[in-house]
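So you can see what is in the structure, the chains are spelled out below.
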Amino acid sequence: MHHIGIIGAGDYGAQHARALQVLDDVRIVAASRTNADALAQFTAEFGCQGFTDYHALLAQPDIDTVVIATPHHQHTAIALAAAQAGKHILLEKPMAPTLAECDQILAAARAAGVKLMVGHTNRFASTYRIAKALIESGDMGRVVMGTAAMQKFWFEPNRRDWHLDRTSGGGVWMTVGIHPLDRLIWLIDSPVETVSARFGTYFHKMQADDTGMVFLRHANGAASMVISTGYSTGAPKHTTELTCTKGMLSIDYATGVQIGREDRWQTLPESVPQGSWMHEALVAEWQGFLKAIDHDREPPVSGEAARATMEVVFAAERSSAEGREIRLGELS
């Protein structure tokens, strides 16, 4: 039986809780949030203890695993404290606001001997798992080019002030664009060598980006591009398209996976989602993490893999600021 603590009992913390409720041999023991009224609503819904100070949650000896779903700039301090308390950690993306902080988290988890996984949920969406399996089977040949977009309305009901300032880990690139970026890195499965990017703030008055385009060169010769947009008026787009040596793939959360061959697109029927892709992905994410704990093996999204994605995130920001292509390794 795994005993779980949820640090950050907000909107996404609740989504984690609903995923955990589906699993056997799991119990949500406690949750923390500084807003006492909101915390009370959360604990009433999920039947757990509540703490306004996460340190008190970490002091509970029966909790073996925590999920950290707090504002981005709080990730490092909480992850370090959780590791020191001997808790396994599912840390929401982005891993941390700087590469140095990512390294601190990795070192703390290693020193404490706890499992660390970062919540890149797109890797667990059924459409993306089907596409990944097709690529790994060799049926599509090698991926040579890819594009991925996440374009969405920025001021959703759960948007907070910290989302609007890069100093607190905010901005569309860190919050939204990281999803299509990580998808491409995972699907192409070749290290990024160089990054060229341009970010801007065109839709909203805030101290962070709301649009971006990022071009990546991979070690195996592949090239890819990410579009990141948090619009005030527009229409959503959440797609990934891959050009492979034996055909093309189009991947979408809502419509599934399409294979492009012989001048036509064909949808794989088994790839069309039947329910909430997000909920199903979170359930699969937790299953993968808890299995890694039980069998003492590397989690499906290791801290090192998440760090590699974050290095590209920060290299893209530098590229935009300096107006030049950045080679990975310059930030280390």
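This section reports on the structure supplied with the text. (Residues numbered from 1 in each chain as written. Predicted model: local features only at pLDDT ≥ 70, side-chain atom pairs only at ≥ 80, totals over all residues. Heavy atoms only, no water.)

### Notes on the pairing of strand β9 (residues 211-218)
Then, in step 1: Direction of pairing for strand β8 (residues 192-200) relative to β9: antiparallel, over a ladder of 8 bridges. Considered in β9, the bridge of Val192 is made with His218.
Then, in step 2: Here β9 runs beside strand β10 (residues 223-231); their pairing, made up of 7 bridges, is antiparallel. Note that in β10 the partner of Thr211 across the bridge is Thr229.
Then, in step 3: Counting the residues that bridge the hairpin from β9 to β10 gives 4 residues, and of these Gly221 lies at a positive phi of roughly 100°. (Pairing = 2+ DSSP bridges. Helix = DSSP H or I, 4+ residues; strand = E, 2+ residues; numbered from the N terminus.)

### Some points on the packing of helix α1 (residues 11-22) against helix α2 (residues 36-46)
Then, in step 1: In the contact formed by α1 and α2, the axes pass within 11 Å of each other and the chain directions differ by 10°. When the axis of α1 is compared with that of α2, the two are roughly parallel. Across from Gly13, Ala14, Ala17, Arg18 and Gln21 in α1, the residues of α2 making contact are Phe42, Glu45 and Phe46.
Then, in step 2: Residues that form the contact of α1 with α2 fall into these classes: 4 nonpolar, 2 polar and 2 charged. (Axes fitted to C-alpha atoms, helices over the stretch in contact; angles between N-to-C directions. Parallel < 35°, antiparallel > 145°, perpendicular 65-115°, else oblique. Contact = heavy atoms within 4.5 Å. Nonpolar A, V, L, I, M, F, W, Y, C, P; charged D, E, K, R; others polar.)

### Quick word on the nonpolar core
Then, in step 1: Counting 105 residues, the largest nonpolar core has Met95 and Trp286 as its most contacted members.
Then, in step 2: Take this core: its biggest share by element is 11 residues, from helix α7 (residues 172-188).
Then, in step 3: Discounting chain neighbours no more than four positions away, the residues touching Met95 are His75, Cys102, Ile105, Leu106, Leu116, Val118, Gly303, Ala306, Arg307 and Met310. (Core = buried A, V, L, I, M, F, W, Y, C linked by side-chain atoms within 4.5 Å. Buried < 20%, exposed > 50% of the residue type's maximum accessible area, 1.4 Å probe, protein only.)

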